[in-house]
Amino acid sequence: MKDIKRIVSTGFWNDDKVLNDFSPEDKYFMLYLLTNPYTTQLGIYHLPIKKASLELGYSLESVMVLLDRFERKYKIIRYNQQTSEVAIKNYLRYSIVRGGKPVIDCLEKELKSVKDISL
């Protein structure tokens, strides 16, 4: 797998939700969602629960609880269990540093691989 760099703004630590609502486990999980090996520029990607469990060192049940919390309580993600796809809300707002045609082409290409278009 190609090693891709992902940018996480230092502002992450000053975000009101992160400061006031997130537990240490939530912060770890959010950083994982933003930087794991399956992420895309689009912020919608295939993330099987078993892989996340192995990489995080959590049980399958713990990962499912975290996904549910981030979807229902924080409303930061949507997860489709049938396609194992996760979509991170407002991902593009925080991940795009430079724009232009190469970025647009990349996003359009990644969009074609999304199985659940409602994400």
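Predicted model only: the values in this text are computed from it and were never measured.

Thresholds, definitions, all that
Residues numbered from 1 in each chain as written. Predicted model: local features only at pLDDT ≥ 70, side-chain atom pairs only at ≥ 80, totals over all residues. Heavy atoms only, no water. Axes fitted to C-alpha atoms, helices over the stretch in contact; angles between N-to-C directions. Helix = DSSP H or I, 4+ residues; strand = E, 2+ residues; numbered from the N terminus. Parallel < 35°, antiparallel > 145°, perpendicular 65-115°, else oblique. Contact = heavy atoms within 4.5 Å. Nonpolar A, V, L, I, M, F, W, Y, C, P; charged D, E, K, R; others polar. Core = buried A, V, L, I, M, F, W, Y, C linked by side-chain atoms within 4.5 Å. Buried < 20%, exposed > 50% of the residue type's maximum accessible area, 1.4 Å probe, protein only. Salt bridge = Lys/Arg side-chain N within 4 Å of Asp/Glu carboxyl O. Expected span 1.5 Å × (residues − 1). Arc of directions from axis to C-beta.

1. Overview of the packing of helix α3 (residues 49–56) against helix α4 (residues 60–73)
Okay, step 1: In contact at an axis separation of 9 Å, α3 and α4 are set at 105° when each is read in the N-to-C sense. Relative to α4, the element α3 is oriented roughly perpendicular. Contacts between α3 and α4 pair Ile49, Lys50, Ala52, Ser53 and Leu56 from the former with Leu60, Val63, Met64 and Leu67 from the latter.
Okay, step 2: Looking at the contact of α3 with α4 residue by residue, the class counts come to seven nonpolar, one polar and one charged.

2. Some remarks on the nonpolar core
Okay, step 1: In this structure, Met30, Leu33, Phe70 and Ile88 are the most contacted members of the largest nonpolar core, which totals 25 residues.
Okay, step 2: Broken down by secondary-structure element, the contributors of at least two residues to this core are α2 (24–35), α3, α4, β2 (77–80) and β3 (85–88).
Okay, step 3: Met30 has contacts with Phe12, Phe22, Phe70, Ile76 and Ile88, leaving out every residue within four places of it along the chain.

3. Side note on the pattern of salt bridges
For side chains bearing opposite charge, pairing can occur when the charged atoms are close.
Okay, step 1: Going through the model one piece at a time under the given rule, you end up with three salt bridges.
Okay, step 2: Residue Glu25 pairs with Arg69 through a salt bridge whose shortest N-O separation is 3.9 Å. Taken together, the positions of Glu25 in helix α2 and Arg69 in helix α4 put the pair 44 residues apart, joining distant regions of the chain.
Okay, step 3: Of the residues examined, Glu25 reaches a relative accessible area of 31% and is grouped as partly exposed.
Okay, step 4: Residue Arg72 is joined to Asp68 by a salt bridge in which the shortest nitrogen-to-oxygen separation is 2.4 Å. Residue Arg72 and its partner Asp68 are located together in helix α4, separated by four residues, close to a single helical turn.
Okay, step 5: Classification of Arg72 as exposed rests on a relative accessible area of 62%.

4. Things to note about α4
Okay, step 1: Over its 14 residues, α4 runs 19 Å from end to end, which matches the ideal 20 Å to within 8%, given 1.5 Å per residue.
Okay, step 2: Taken residue by residue, α4 has Val63, Leu66, Leu67 and Phe70 as its buried positions. End-on, the buried residues of α4 take up no more than an arc of 95°, which puts them together on one face. For α4, the exposed residues lying more than 90 degrees away from the buried face are Glu61, Arg72 and Lys73.
Okay, step 3: Turning to α4, the residues buried within the fold contact α2, α3 and β2.

5. A closer look at the environment of Tyr91
Okay, step 1: In this structure, Tyr91 sits in helix α5 (residues 91–95).
Okay, step 2: Given the relative accessible area of 7%, Tyr91 is considered buried.
Okay, step 3: Beyond its immediate chain neighbours, meaning those up to four positions away, Tyr91 contacts Arg6, Leu34, Thr39, Thr40, Gln41, Leu42 and Gly43.

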